[in-house]
Amino acid sequence: MTLSYNYLLFCSLVLSVIISPCIAQTSFRPKALILPVTKDASTLQYLTQINQRTPLVPVKYTLDLGGQFLWVVCLEDYESSSFTSPPCHSAPCSLANAPFCWDCSDSQPRPGCNNNTCNLLPDNTINGISFNGPLSMDVASIQSTNGKNPGRVVSVPKLLFVCADRFHLTDLANGVRGMAGLGRNSISLPSLFSSAFSFPRKFAICLSSSTKANGAVFFGDGPYVMLPGVDVSTSLIHTPLILNPVSTATLLFRPRPSTDYFIGVKSVKINGHVVPLNTSLLSIDKNGVGGTKISTVHPYTVLESSIYEAFVKAFTKELANAPRVESVSPFGACFDSTRIGSTRVGPAVPQIDLVLQSSDVYWRIFGANSMVQVKSNVMCLGFVDGGVNPRTSIVIGGHQLEDNLLQFDLATSRLGFSSSLLFRRTTCSNFNFTSTA
Ligand SMILES: *[C@@H]1O[C@H](CO)[C@@H](O)[C@H](O)[C@H]1NC(C)=O
Ligand SMILES: *[C@@H]1O[C@H](CO)[C@@H](O)[C@H](O)[C@H]1NC(C)=O
Ligand SMILES: *[C@@H]1O[C@H](CO)[C@@H](O)[C@H](O)[C@H]1NC(C)=O
């Protein structure tokens, strides 16, 4: 204590002369942070864990790529001496763009129940139920990374989140206490971490296809190195991220753009042949309906009905050598897998291309990401029917994202994607999580 106090005193004395050595020696500034991501076998949700509160405890979350912010159950089991709720109209409330002030009617203040808080409307995006909870803050501790291994643990003294009640956890995986939103929002985790440590407003997800090995979320720029030494942040293909001007959240207090990440799919090809579809479904209309977004809360890509039908028809035609067999829910097109060969990038099936801003920019989906082995001898096309008039025509889901690196650049509003890392002889479960701190 005395030593560091003297050091600080020394620093403040010389501060006017030389600033940088004091800062360099008193604080470590990470270039990037890393969180492990697991896949829950029963719900197929992707989960992460953050150490929070005083004393620190690990808190589990369902990862929500397009989610607005972090929300967690506070109204019970929340023990922390560092919990606070910023008062309504304070700087954190305006950063959060919080729509209203709130008083808690209980007589006893506790985490999640205080007077004069500013409240937001979090979504449980798994069941589509929205609710109202106070903006709150508490300490969080997270591992930095040099891109190859986790390094020193750094702390965010006042990480913002929104408090929820226990029943908001309905349909989330066992043990989860909330959702971790990575969406386009000033208080989503990527925004908060980038501003806390002044690193680039970029983050990347790499989801593991295995329920037994960790994938990762990287906050900050690459390198992102997977064993055996493959920097997967290089050779990405880029496409603009599109802002949907109308919120896709369940409840809204005032008009807002969507926090979901949309991309401009212009057409879909199977084995190079364009699938005939109503292309007006692929653009976002003035009500925010239509278009293509990326989601980690949908286990499989969801297609609007007419797109789904045309897609299945075209795929089945191209996969002529494998007979169709009875469908296995939730899929609508299943095949005799004994008639399907295998390749380095999964089952040998027709390639699916999501064609983007021009015909030479496409997201190619290979067998490992298109097919799901549902039982021995049966493999299904891992896409599901989203019904008629869904809010979003194409929702690219988890199975199609696994073992692909996706980097989101919030400053330039651009997505970088790798296509299957299996081609590069690595996977998203190959990050070396041995700490070098
Ligand atoms: C909020 O303020 C009211 C009125 O002053 C008071 O009765 C109530 O106990 C307070 N609630 C909390 C949680 O502090
Ligand atoms: C194409 O989709 C748009 C938007 O849903 C719809 O208004 C239009 O009627 C559709 N066109 C055809 C030919 O089905
Ligand atoms: C993982 O990282 C640690 C620490 O740098 C290193 O000792 C170990 O050899 C690495 N593991 C592999 C498989 O390379």
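Bear in mind the structure is a predicted one, so any value in this text is a computation, not a measurement.

Enquirer: Help me out: how do you make sense of the overall build of the protein in this one?
Expert: Within the protein, the secondary structure is distributed over 7 helices and 33 strands. Taking 2.2 N^0.38 as the reference for a compact globule, 437 residues should give roughly 22 Å; the C-alpha atoms of the protein span a radius of gyration of 23 Å, in line with that estimate. Counting only C-alpha atoms, the protein reaches 75 × 50 × 40 Å along its principal axes. Relative to its 437 residues, the protein shows a buried fraction of 54%. Within the protein, counting contacts between residues at least 6 apart in sequence, those at least 24 apart form 67% of the total. Total accessible area on the protein stands at roughly 19,100 Å², and carbon and sulfur atoms take up 55% of it. In the protein, the 32 positive side-chain charges and the 26 negative ones have mean positions that sit 7 Å from each other.

Enquirer: How should I be thinking about the side chain of T117 in this particular structure?
Expert: Mapping T117 onto the fold places it in strand 6 (residues 117–120). Here N119 takes part through its side chain, which lies 2.9 Å from a polar atom of the side chain of T117. Beyond its immediate chain neighbours, meaning those up to four positions away, T117 contacts S85, P86, C88, F100, C101, W102 and P134.

Enquirer: Please explain the packing of aromatic side chains as it appears in this structure.
Expert: The tally for this structure, following the rule as stated, stands at 18 aromatic pairs. A centroid spacing of 4.7 Å and a plane angle of 50° characterise the contact between F311 and F383, whose relative ring orientation is tilted. Here F383 lies in strand 30 (residues 383–385) and F311 lies in helix 5 (residues 305–318), a separation of 72 residues in the sequence. Over the face of the ring belonging to Y78 we find R53, whose NZ or CZ atom lies 3.9 Å from the ring centre.

Enquirer: Quick question: what am I supposed to make of the site of ligand 2 here?
Expert: Close to ligand 2 lie N278, S280 and L281, which account for all nearby residues. Within the contact set of ligand 2, an oxygen atom lies 2.3 Å away from a side-chain nitrogen or oxygen of N278. With respect to ligand 2, the side chain of S280 contributes an N or O atom lying 3.1 Å from an oxygen atom. In isolation ligand 2 offers 360 Å² of accessible surface; the protein chains occlude 26% of this area.

Enquirer: Where do I start with helix 4 (residues 189–197) in this structure?
Expert: The buried count for helix 4 comes to 7 of 9 residues, which makes it a mostly enclosed element. By the burial criterion, the buried members of helix 4 are L189, P190, S191, L192, F193, S194 and F197. Backbone geometry just downstream of helix 4 places S198 in the positive-phi region, at approximately 50°.

Enquirer: How do you make sense of the sheet that holds strand 19 (residues 273–274) when you look at a structure like this?
Expert: Strand order across the open sheet formed by 4 strands is 19-18-26-27, with antiparallel pairing between neighbours. In this open sheet, the two strands that pair with only one neighbour each are strand 19 and strand 27 (362–365).

Enquirer: Help me out: how do you make sense of the domain arrangement of the protein in this one?
Expert: For an interface, size is often stated in terms of accessible area lost upon the parts coming together. With domains assigned, the protein is organised as domain 1 (5–224) and domain 2 (237–430). Taken over C-alpha atoms, the centre of domain 1 sits 29 Å from the centre of domain 2. The partner domain 2 presents 37 residues to the 42 residues of domain 1 that form the contact. Between domain 1 and domain 2, a total of about 3,300 Å² is buried, with carbon and sulfur atoms accounting for 57% of that surface. By the criterion of area lost to domain 2, the three top residues of domain 1 are L65, R184 and R201, representing 23% of everything that side buries. Of the charged contacts, one joins E402 and K39 as a salt bridge, the two residues approaching to 2.7 Å between their closest N and O atoms. Mapped by element, the contributors of at least two residues to the side of domain 1 that touches domain 2 are strand 3 (57–64), helix 4 and strand 12 (202–206). The leading source of residues in the side of domain 1 that touches domain 2 is strand 12, at 5 residues. Of the residues belonging to the side of domain 1 that touches domain 2, the class tally is 20 nonpolar, 15 polar and 7 charged.

Enquirer: Can you walk me through the site of ligand 1 in this structure?
Expert: Lining the immediate environment of ligand 1, one finds C104, D106, S107, P109, C113 and N115. In the environment of ligand 1, a nitrogen atom lies 3.4 Å from a nitrogen or oxygen atom belonging to the backbone of C104. Here an oxygen atom of ligand 1 sits 3.5 Å away from a polar atom, N or O, in the main chain of S107. Compared with its free state, where it exposes 370 Å², ligand 1 has 49% of that area covered by protein. Across the shell around ligand 1, the residue classes tally to 3 nonpolar, 2 polar and 1 charged.

Reading guide: rules and limits
- Residues numbered from 1 in each chain as written.
- Chains lettered and ligands numbered in written order.
- Predicted model: local features only at pLDDT ≥ 70, side-chain atom pairs only at ≥ 80, totals over all residues.
- Heavy atoms only, no water.
- Helix = DSSP H or I, 4+ residues; strand = E, 2+ residues; numbered from the N terminus.
- Rg over C-alpha atoms; globule rule 2.2 N^0.38 Å.
- Buried < 20%, exposed > 50% of the residue type's maximum accessible area, 1.4 Å probe, protein only.
- Contact = heavy atoms within 4.5 Å.
- Areas by Shrake-Rupley, 256 points an atom, 1.4 Å probe, with all protein chains shown as cover.
- Lys, Arg positive; Asp, Glu negative; His and termini not counted.
- Charge placed at Lys NZ, Arg CZ, Asp CG, Glu CD.
- Polar contact = N/O pair within 3.5 Å; in protein donor to acceptor, adjacent residues only side chain to side chain.
- Phe/Tyr/Trp six-rings, centres within 6.5 Å; stacked < 30°, edge-to-face > 60°.
- Lys NZ or Arg CZ within 6 Å of the ring centre and 35° of its normal.
- Near = heavy atom within 4 Å.
- Pairing = 2+ DSSP bridges.
- Domains from an automatic or database assignment.
- Buried area = accessible area lost by both parts, 1.4 Å probe.
- Salt bridge = Lys/Arg side-chain N within 4 Å of Asp/Glu carboxyl O.
- Nonpolar A, V, L, I, M, F, W, Y, C, P; charged D, E, K, R; others polar.

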